[in-house]
Amino acid sequence: MNQNQLKEAVAQAAVDYVLTKIDDGSIIGIGTGSTANYFIDLIALHKHKFQGTVASSEASADKLRAHGIQVFELNSVAEVTVYVDGADEANPHLELIKGGGAALTREKIVTAVADEFVCIADESKWVDYLGTFPLPVEVIPMARSYVARELVKLGGDPVWREGVVTDNGNLILDVHGLYPTGSACKLEEQINQITGTVTNGLFAIKPADILFLATQQGIVTHTANP
C-alpha cells in the first residue's frame, strides 16, 4: 500500500474503534492533517450515531461542516468522549511530536479535555526516539526572537515558519536538533516556561492513550503503559 492507502486504513480502524465508544449524545474531538481528514470522511458515514464534534482547527471545522456534521465550540460542551488525531512522530511510550499543521495549541487543549486520545498514524511516523521531525513551538509574535534565543540555549536550532499564522494569530518556530534523550516531559515543561511561548508540539506530559499504526502487514495497536 502507498502512504495514502495506509492513512485511509488507519483512519478506518479508528472509526471502527470510536463507534464502540460513542452514543447519540457523544461529542468527538477531531484533529488536523491529512490522516485526520481521512477520519473525517469516514466518520461522516456514521454522523447519525453521535451528537457532534469539536475541531482543533478551522480547516477541520470547515471540512466537518461540509459533511453536515455539527461543530461545537469547546466551551459549550461538558465532555469530549474521544479525540482522534494524527502525529508527526510517535515513540513506544506513545509520546508524540505534533504541530506540522500549525494546530498544536488547539490540539493540546482538546487532548486535555477528552476522556481518551486516539492517535492514528502510518508506519513512517513510528520512531524509537523523538526529535528527527523539527519540534514546532507556537509563540506570541512580539516574543519570536526572544523565544528563539532561549531555544538556542536549550540546544535547538529554531527556524521561523515564515508566512504561517496560526488560528490563534501566533507564529511557529520549528526547532531542529532538539532530541529529548532524557525526559520528554521535562523538555516539554522547559520550553513551555519560556516567556512568550504558547505551547510546543511535544505531547509527552499527556501522551496518546492508544495508537493505531498502519503498516504494510496491517494495523498494529499500541496502548499506553499501565
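Above: the structure in question.
In short, a report on the structure. (Residues numbered from 1 in each chain as written. Predicted model: local features only at pLDDT ≥ 70, side-chain atom pairs only at ≥ 80, totals over all residues. Heavy atoms only, no water.)

Details of the overall build of the protein chain
Helix and strand counts for the protein chain stand at 6 helices and 13 strands. Computed over the C-alpha atoms, the radius of gyration of the protein chain is 17 Å, within 12% of the 17 Å expected from 2.2 N^0.38 for a compact globule of 226 residues. Dimensions along the principal axes, computed over C-alpha positions, put the protein chain at roughly 50 × 40 × 35 Å. Taken as a whole, the protein chain presents about 10200 Å² of accessible surface, with 50% of it coming from carbon and sulfur. Placing the 16 positive and 28 negative side-chain charges of the protein chain at their respective mean positions leaves the two points 4 Å apart. (Helix = DSSP H or I, 4+ residues; strand = E, 2+ residues; numbered from the N terminus. Rg over C-alpha atoms; globule rule 2.2 N^0.38 Å. Areas by Shrake-Rupley, 256 points an atom, 1.4 Å probe, with all protein chains shown as cover. Lys, Arg positive; Asp, Glu negative; His and termini not counted. Charge placed at Lys NZ, Arg CZ, Asp CG, Glu CD.)

Brief notes about the sheet that holds strand β5 (residues 96-97)
The strand order β4-β5-β11 describes an open sheet built from 3 strands, whose pairing is antiparallel. Of all strands in the sheet, those bounded by a partner on one side alone are β4 (89-90) and β11 (202-203). Pairing analysis gives 2 bridges linking β5 to β11, with the strands arranged antiparallel. If you follow I97 over to β11, its bridge partner there is L202. (Pairing = 2+ DSSP bridges.)

Some details on the sheet that holds strand β9 (residues 171-176)
Pairing in this open sheet of 4 strands is antiparallel, and the strands run β8-β9-β7-β10 from one edge to the other. Edge positions in the open sheet fall to β8 (157-160) and β10 (197-200), since each of these has one partner strand only. Ignoring which end each strand starts from, the neighbouring axes of this sheet average 30 degrees apart. Helix-sheet contacts for helix α4 (residues 104-113) involve β7 (135-139), β9 and β10, and the interaxial angle to β10 is about 70 degrees. (Axes fitted to C-alpha atoms, helices over the stretch in contact; angles between N-to-C directions. Contact = heavy atoms within 4.5 Å.)

Here we look at the pattern of salt bridges
Evaluation of the coordinates by the stated rule reveals 10 salt bridges. The partner of K63 in a salt bridge is D41, with the nearest N and O atoms 3.2 Å apart. Residue K63 is found in helix α3 (residues 58-66), and its partner D41 is found in helix α2 (residues 34-43); the two are separated by 22 residues along the sequence. Relative accessible area serves as the criterion here: at 30%, D41 is assigned to the partly exposed category. Two residues, K153 and E150, come together in a salt bridge whose shortest N-O distance is 3.0 Å. With a gap of 3 residues between them, K153 and E150 both fall in helix α5 (residues 144-153), about one helical turn apart. Salt bridges sharing partners connect three or more residues here, namely D85, K98 and E107. (Salt bridge = Lys/Arg side-chain N within 4 Å of Asp/Glu carboxyl O. Buried < 20%, exposed > 50% of the residue type's maximum accessible area, 1.4 Å probe, protein only.)

A word on the pairing of β9
Along β9, 5 of the 6 residues are buried, which leaves the element largely enclosed by surrounding structure. In the sheet, β7 pairs with β9 via 5 bridges, with the strands oriented antiparallel. If you follow V137 over to β9, its bridge partner there is L173. Of the strand pairs in this sheet, β8 and β9 are connected by 4 bridges, and their pairing is antiparallel. Residue pairing for β9: W160 is matched across the bridge by L173.

Concerning the environment of S34
Here S34 is to be found in helix α2. Between the alpha carbons of S34 and R149 there is a distance of 32 Å; along the sequence they are 115 residues apart.

What about the packing of aromatic side chains?
Under the defined criterion, the tally for this structure stands at 3 aromatic pairs. Clustering of aromatic rings is evident, with ring pairs tying together Y83, F117 and F203. Here K98 stacks its cationic end above the ring of F203, 5.6 Å away from the centre of that ring. Cation over ring: R144 sits above W160, and NZ or CZ is 3.8 Å from the ring centre. (Phe/Tyr/Trp six-rings, centres within 6.5 Å; stacked < 30°, edge-to-face > 60°. Lys NZ or Arg CZ within 6 Å of the ring centre and 35° of its normal.)

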